[in-house]
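Here's the letter readout for the chains.
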Amino acid sequence: MPKQRVPRAIPKELPLCDGPKLGLFQHHASNIQWFERLGGDDEGTPAEGYVFRAKIRNQEYAIKIFKFYDPRSNECFWEPLLGDDVSLETIAYYTDPFYSECRAYGRIQQGIKKRELKPDIVIPCHGFFFLREMDERILDSRNINLELDKVDHNYQRSTVGGYRVRAIVKDLASAGPGVNRQSLRRILEDIVKLNSLRIYNMDIRLENYRDGKLVDFGASWTEPHILLDELDDETATEYRIADRAMFDRMVKDEGIANPKRIVALHRMKLRPRRPS
């Protein structure tokens, strides 16, 4: 990993754009005791990053380590909507899984503070931080590939963290999804409530649940959202109800017992998107 680190102060909140933000983890400078990778090494290479069980100041957490991200990797999606007038760093604020989680959890924490959301609606998040070099060396020794070789280094040097590895700290949860006939109604109610606060998870599936609660928001969109604003009304509506369509698909595809016939969209159907 290059050692040309950017001497920029880490902000107390991220991302640096309009909308909700997540705060810096309170114990970001404390020593970390790293344990096993959650999900196991047999899960293959994850798309967004890796999750580890770790201990900080005598408290165990789940720490999600994010891969480096180059917004050009999704240029075929955002360029037709935004053109060349928006900076890559701004585009990353809305497309990078790290910033997507920051925005979603920032809004969730606002909703909990305002009592618009119950405190346990999702697996709680305690903030973001950037790893120290000693922790990066531990990850290197475990052959964790954060794909720095796939990003443009001129772009990476310009980002807030430079070459520092980004992470988010969450509560530990059991390995079980907790999605069953008893929890289906509450799970759907939680999805609808998050959507009402303009948080769209965009990845409703069994693997994204622990103890009946959403645990990952790396694919989420949270309004205001630069891409959602550029979509036509019909397509934007499809994105806004996508979580509910995914809920129905999850229940069907996973064969989850549903004797009360809990359905999110009833007879509504997402229209297939027209080719761009």
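The rules behind these values
- Residues numbered from 1 in each chain as written.
- Predicted model: local features only at pLDDT ≥ 70, side-chain atom pairs only at ≥ 80, totals over all residues.
- Heavy atoms only, no water.
- pLDDT = per-residue confidence, 0-100.
- Contact = heavy atoms within 4.5 Å.
- Buried < 20%, exposed > 50% of the residue type's maximum accessible area, 1.4 Å probe, protein only.
- Helix = DSSP H or I, 4+ residues; strand = E, 2+ residues; numbered from the N terminus.
- Pairing = 2+ DSSP bridges.
- Axes fitted to C-alpha atoms, helices over the stretch in contact; angles between N-to-C directions.
- Phe/Tyr/Trp six-rings, centres within 6.5 Å; stacked < 30°, edge-to-face > 60°.
- Lys NZ or Arg CZ within 6 Å of the ring centre and 35° of its normal.
- Core = buried A, V, L, I, M, F, W, Y, C linked by side-chain atoms within 4.5 Å.

This next bit is on the confidence of the model for the chain. This prediction gives the chain a mean pLDDT of 92; 91% of its residues lie at or above 70. Low pLDDT, under 50, characterises residues 272–276; the predicted model gives this stretch five contacts beyond four residues in sequence or across chains.

Burial in helix 2 (residues 88–95) covers these residues: Ile91, Ala92, Tyr93, Tyr94 and Thr95. For helix 2, the secondary structure elements touched by its buried residues are helix 1 (75–82), helix 3 (97–113) and helix 5 (153–158).

Reading across the sheet, the five strands line up as 3-4-5-7-6 and stay open at both edges, with antiparallel pairing between neighbours. At either margin of the open sheet sits one strand with a lone partner, and together these are strand 3 (33–37) and strand 6 (125–130). For this sheet, the mean inter-axis angle between neighbouring strands, taken without regard to orientation, is 30°. Running over the sheet, helix 3 touches strand 5 (59–66), strand 6 and strand 7 (166–170) and is turned about 35° from strand 7.

Before going further, it helps to spend a moment on the packing of aromatic side chains. Taken as a whole and judged by the stated rule, the model has twelve aromatic pairs. Considering the side-chain rings of Trp34 and Phe52, the 5.7 Å spacing of their centres and the 85° angle between planes classify their relative orientation as edge-to-face. Pair noted here: Trp34 is in strand 3 and Phe52 is in strand 4 (residues 49–56), with a separation of 18 residues, a long-range link. Across this residue pair, the class does not change: Trp34 and Phe52 are buried. Between Tyr93 and Tyr99 the ring centres are 4.9 Å apart and the planes differ by 85°, which places this aromatic pair in the edge-to-face class. Looking at Tyr93, the relative accessible area reads 5%, which means it is buried. Taken together, the aromatic side chains of Phe66, Tyr93, Phe98, Tyr99, Phe128 and Phe130 make up a single cluster linked through ring pairs. Positioned above the aromatic ring of Phe130 is the side chain of Arg164, whose terminal nitrogen or guanidinium carbon lies 6.0 Å from the ring centre.

Let us look at the nonpolar core. Core analysis: the largest hydrophobic core is formed by 55 residues, its most contacted members being Ile108, Leu194, Phe217 and Phe247. Elements supplying a minimum of two residues to this core: helix 1, helix 2, helix 3, strand 6, helix 6 (184–196), strand 8 (199–200), helix 7 (233–240) and helix 8 (242–253). Non-local contacts of Phe217, meaning those with residues more than four positions away in its chain, are made with Ser100, Glu101, Ala104, Tyr105, Ile108, Val122, Leu194, Ile199 and Asn201.

On the secondary structure map, Pro124 appears in the loop between helix 3 and strand 6. Exposure remark for Pro124: the relative accessible area of 28% places this residue in the partly exposed category. Each C-alpha atom, one on Pro124 and one on Asp84, is 37 Å from the other, the two residues being 40 residues apart in sequence. Residues in contact with Pro124, not counting those within four places in the same chain, are Tyr105, Lys170 and Asp171.

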